[in-house]
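Observations on the three-dimensional arrangement
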Amino acid sequence: MIPVVNFCSHRWSHPNLVAVTDEELRLELEESRSWLEDRFANTISCVSYPYGLFDDRVSAVAEESGYELGMTISGGWIGSSVDSRFAVPRLNVPAAVSD
């Protein structure tokens, strides 16, 4: 089996997306996605929100920008009940984790 690596977006300059203007939000979402798609064949239309912070506006602009999925940092493993495809929990692995 050949391993496959997929790349997902995490924002262009890593701001709190809830706190930026509509124009900055759109730029953050679109620049990051575009940069990945220009360089890699195996990109996924997924965004991991910086700091796990998002709201309805961020989710709506993510969807308008072509993303199909948004990931938070709360909730741990994906269970059987996910409220929205733009609020998917993920397991946060802190930077201090090592071998």
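Above: the structure in question.
Quick caveat, the model's predicted, so the values are computed rather than measured.

Section: the packing of helix α1 (residues 22-39) against helix α2 (residues 56-64)
Closest axis-to-axis distance for the α1/α2 pair is 10 Å, and the angle between their directions is 50°. Classified by the angle their axes make, α1 and α2 are oblique. Crossing angle aside, the handedness with which α1 passes α2 is right-handed. For the pair α1 and α2, contact is made by Asp-22, Leu-25, Arg-26 and Leu-29 and by Arg-57, Val-58, Val-61, Ala-62 and Glu-64, respectively. In terms of residue class, the contact of α1 with α2 is built from five nonpolar, no polar and four charged.

So, a nonpolar patch on the surface
Among the surface-exposed residues, Val-18, Tyr-51 and Leu-53 lie close enough to one another that they form a single nonpolar patch of about 260 Å² accessible area. As for its placement among the helices and strands, Val-18 is situated in the loop between β1 (7-9) and α1.

Remarks on α1
Here α1 spans 26 Å end to end across 18 residues, near enough to the 26 Å set by a 1.5 Å rise per residue. Every buried residue of α1 is listed here: Leu-25, Glu-28, Leu-29, Ser-32, Arg-33 and Leu-36. Taken around the axis of α1, the buried residues stretch over an arc of 100°, which confines them to a single face. Exposed and facing more than 90 degrees away from the buried side of α1 are Glu-23 and Asp-38.

Points about the environment of Phe-54
Position of Phe-54 relative to the elements: it lies in the loop between β2 (43-48) and α2. You can call Phe-54 partly exposed: its relative accessible area is 30%. Spatially, the C-alpha atoms of Phe-54 and Met-71 are 9.3 Å apart, while their sequence positions differ by 17 residues. With sequence-adjacent residues up to four places away left out, Phe-54 is seen in contact with Val-18, Tyr-49, Ser-59, Thr-72, Phe-86 and Ala-87.

Conventions used here
- Residues numbered from 1 in each chain as written.
- Predicted model: local features only at pLDDT ≥ 70, side-chain atom pairs only at ≥ 80, totals over all residues.
- Heavy atoms only, no water.
- Axes fitted to C-alpha atoms, helices over the stretch in contact; angles between N-to-C directions.
- Helix = DSSP H or I, 4+ residues; strand = E, 2+ residues; numbered from the N terminus.
- Parallel < 35°, antiparallel > 145°, perpendicular 65-115°, else oblique.
- Left-handed = near helix turned anticlockwise from the far one by under 90°.
- Contact = heavy atoms within 4.5 Å.
- Nonpolar A, V, L, I, M, F, W, Y, C, P; charged D, E, K, R; others polar.
- Patch = residues over 30% accessible without salt bridge, like charges linked within 9 Å, V, L, I, M, F, W, Y side chains within 5 Å.
- Areas by Shrake-Rupley, 256 points an atom, 1.4 Å probe, with all protein chains shown as cover.
- Salt bridge = Lys/Arg side-chain N within 4 Å of Asp/Glu carboxyl O.
- Expected span 1.5 Å × (residues − 1).
- Buried < 20%, exposed > 50% of the residue type's maximum accessible area, 1.4 Å probe, protein only.
- Arc of directions from axis to C-beta.

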